[in-house]
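The primary structure of each chain is shown beneath.
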Amino acid sequence: LQSARALTMAWSARRPDGGVVYLDMTARQLSDGRCLAVLRDATLRNQQERANRALTEELERRVRERTEQLHRLAADLEAAESRERRQIARDLHDDLGQVLAAARIRLAQLCQDAREDVRQSALEVSSLVEQANQSMRSLAAQLAPAVLYELGLVPALEWLAEEVAG
């Protein structure tokens, strides 16, 4: 050993009762040639380090589990949102679409049978019903574009581009 450097070592030893003791040794050669060694009981520190590692591993395991749970919940929520959007779109299209179609039929009958001033008003209302019908279809398509679910992403994007351009 050189006098400027210290040698540090750690080891474990079995006690007569079967337990383990952990020791840290630091040794240095003194200037007069003698060697000075200091032994420290590191058992408690070693136990704390092992407990800390075990706790860290347990926490990391729990974080992984919770992260996986959150990913599954997010996927479930996304699927539920998608189902809900499709249901709302179907309800809008089917229910409101039927009401608007019935209104258009009744207005068409009114236009045939009515006086000119009533006919003109009925035509204006019919135009408003047609605008509402177009808005409803557009809203239903935006909520859950059927082309996305039936044909896939690329045709849906092409459809969306056409809608925006038109």
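The following paragraphs examine the structure supplied in this document. (Residues numbered from 1 in each chain as written. Predicted model: local features only at pLDDT ≥ 70, side-chain atom pairs only at ≥ 80, totals over all residues. Heavy atoms only, no water.)

**Here's the deal with helix α1 (residues 43-113)**
Short version of the rule: Each helix is a run of DSSP H or I of at least 4 residues and each strand a run of E of at least 2, with the numbering of both proceeding from the N terminus. To estimate how far a helix should extend, the number of its residues minus one is multiplied by 1.5 Å. Note on bend: the value at a residue is the angle between axes fitted to the seven residues ending there and to the seven starting there. Burial classes follow relative accessibility: with a 1.4 Å probe on protein chains only, a residue under 20% of its type's maximum area counts as buried, one over 50% as exposed, and anything between as partly exposed.
Here α1 is 71 residues long and its end C-alpha atoms lie 103 Å apart, about the 105 Å a rise of 1.5 Å per residue gives. Where α1 bends most, the angle comes to about 30°, and this point is G97. Buried residues of α1: T43, N46, S82, A89, L92, G97, L100, L107 and C111, and no others.

**Considerations on the side chain of T43**
To be explicit about the condition: Any pair of residues with heavy atoms lying within 4.5 Å of one another is described as a contacting pair.
You can see T43 is positioned in helix α1. With a relative accessible area of 11%, T43 lands in the buried category. Those residues in contact with T43 that lie beyond four places of it in its chain are V20, V21 and Y22.

**Some points on the packing of α1 against helix α2 (residues 116-143)**
Note the threshold: Convention adopted: a line fitted to C-alpha atoms gives each axis, helices being fitted over their contacting stretch, and angles between N-to-C directions are expressed from 0 to 180 degrees. Each angle receives one of four descriptions, namely roughly parallel if under 35 degrees, roughly antiparallel if over 145, roughly perpendicular if within 65 to 115, and oblique otherwise. Each crossing gets its handedness from the near helix: less than a right angle anticlockwise from the far helix is left-handed, clockwise is right-handed. Side-chain classes follow a simple rule in which Ala, Val, Leu, Ile, Met, Phe, Trp, Tyr, Cys and Pro form the nonpolar group, Asp, Glu, Lys and Arg form the charged group, and the remainder, Gly included, forms the polar group.
Relative orientation of the contacting elements α1 and α2 amounts to 165°, with a least axis distance of 9 Å. The angle between α1 and α2 falls in the class roughly antiparallel. Considering how the two elements wind past one another, α1 and α2 form a crossing that is left-handed. In terms of residue class, the contact of α1 with α2 is built from 19 nonpolar, 6 polar and 5 charged.

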